[in-house]
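Results of the structural survey
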Amino acid sequence: MLKRLRRLWSDVQFLETMDFGEQQLAKVLSLVLLVVMVAATLQLIWQVGWALTVPSTPWMGSKLNQVLGDLLTLMIALEVLQNITSYLRRHVVQIELVLLTAMTAVARKVIVLPHDSDQPALLVGLGLAVLALAGAFWLVRTINLKQPPSRTGPPKRSPVQDP
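Note that the structure is predicted; figures quoted are calculated from it, not measured.

1. Digging into the overall build of the chain
A count of helices and strands for the chain gives 5 helices and 0 strands. Residue burial in the chain is summarised as follows: out of 163 residues, 23% are buried. Look at the contacts in the chain between residues 6 or more apart in sequence, and 70% of them connect residues 24 or more apart. Taken as a whole, the chain presents about 12100 Å² of accessible surface, with 70% of it coming from carbon and sulfur.

Next comes the structure, spelled out in structure tokens:
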């Protein structure tokens with residue numbers, strides 16, 4: 001009994017259990033995100049369709065910003081879903097995709113900012129965030145082009161068993 005318990009808590013078995021748990025959780029999260037995205041897409045289609053029936057809809061004002069913000073939010077959700085499915089396929093987090101998602105989120109924030117916004121510190125902060133994300137993306141991309149990925153699958157069983 002004690003030997004079996006030790007085997008269950010060996011490093012290899014523990015890592016395999018954790019990997020399995022991560023995969024199952026990622027699947028559940030991707031399904032939840034997919035349901036939310038479908039609902040949000042239908043809601044956006046409904047709102048735009050309804051606004052098109054009203055001739056006095058101010059498309060060149062706040063309504064356009066709202067629609068663009070909603071579209072970009074859906075794009076960010078789609079990129080997060082791609083992050084999850086990429087993790088399920090390759091068992092690695094693709095940092096380039098995460099950085100692109102973050103840049104899209106910052107771009108969305110800039111687009112939906114009110115034009116009469118008098119917050120110079122916010123604009124400077126967003127500009128610095130874009131520069132930092134772009135620099136990080138360039139650095140990661142440069143390194144990834146020089147080196148192949150170090151892990152492309154689930155953890156493999158070591159030939160040496162844990163004591």
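2. Some points on the confidence of the model for the chain
Of the residues in the chain, 90% reach a pLDDT of 70 or more, and the chain-wide mean stands at 81. Ranking the elements of the chain by mean pLDDT puts helix 1 (residues 2–8) last with 72 and helix 5 (residues 120–146) first with 89.

3. Topic: the packing of aromatic side chains
One pass over the full model with this rule turns up 1 aromatic pair. With 6.2 Å between their ring centres and 20 degrees between their planes, Trp46 and Trp50 make a pair best called stacked. Taken together, the residues span about one helical turn, with Trp46 and Trp50 both in helix 2 (residues 11–53) at a distance of 4 residues. A relative accessible area of 55% places Trp50 in the exposed class.

4. Notes on the side chain of Ser30
Mapped onto the elements, Ser30 comes out in helix 2. Its relative accessible area of 12% is what places Ser30 among the buried residues. The contact partners of Ser30, leaving out residues within four places of it in the chain, are Leu81 and Ile84.

5. Considering the environment of Leu133
Its place among the elements puts Leu133 in helix 5. Other than its neighbours up to four places away in sequence, Leu133 contacts Leu99, Ala102, Met103 and Val106.

6. Quick notes on the packing of helix 2 against helix 3 (residues 62–90)
Close contact between helix 2 and helix 3 brings their axes to 9 Å; oriented N to C, the two are set at 160 degrees. In terms of their interaxial angle, helix 2 and helix 3 are classed as roughly antiparallel. The element helix 2 and its partner helix 3 pack so that their crossing is left-handed. Looking at the contact of helix 2 with helix 3 residue by residue, the class counts come to 19 nonpolar, 5 polar and 5 charged.

Rules behind the numbers
- Residues numbered from 1 in each chain as written.
- Predicted model: local features only at pLDDT ≥ 70, side-chain atom pairs only at ≥ 80, totals over all residues.
- Heavy atoms only, no water.
- Helix = DSSP H or I, 4+ residues; strand = E, 2+ residues; numbered from the N terminus.
- Buried < 20%, exposed > 50% of the residue type's maximum accessible area, 1.4 Å probe, protein only.
- Contact = heavy atoms within 4.5 Å.
- Areas by Shrake-Rupley, 256 points an atom, 1.4 Å probe, with all protein chains shown as cover.
- pLDDT = per-residue confidence, 0-100.
- Phe/Tyr/Trp six-rings, centres within 6.5 Å; stacked < 30°, edge-to-face > 60°.
- Axes fitted to C-alpha atoms, helices over the stretch in contact; angles between N-to-C directions.
- Parallel < 35°, antiparallel > 145°, perpendicular 65-115°, else oblique.
- Left-handed = near helix turned anticlockwise from the far one by under 90°.
- Nonpolar A, V, L, I, M, F, W, Y, C, P; charged D, E, K, R; others polar.

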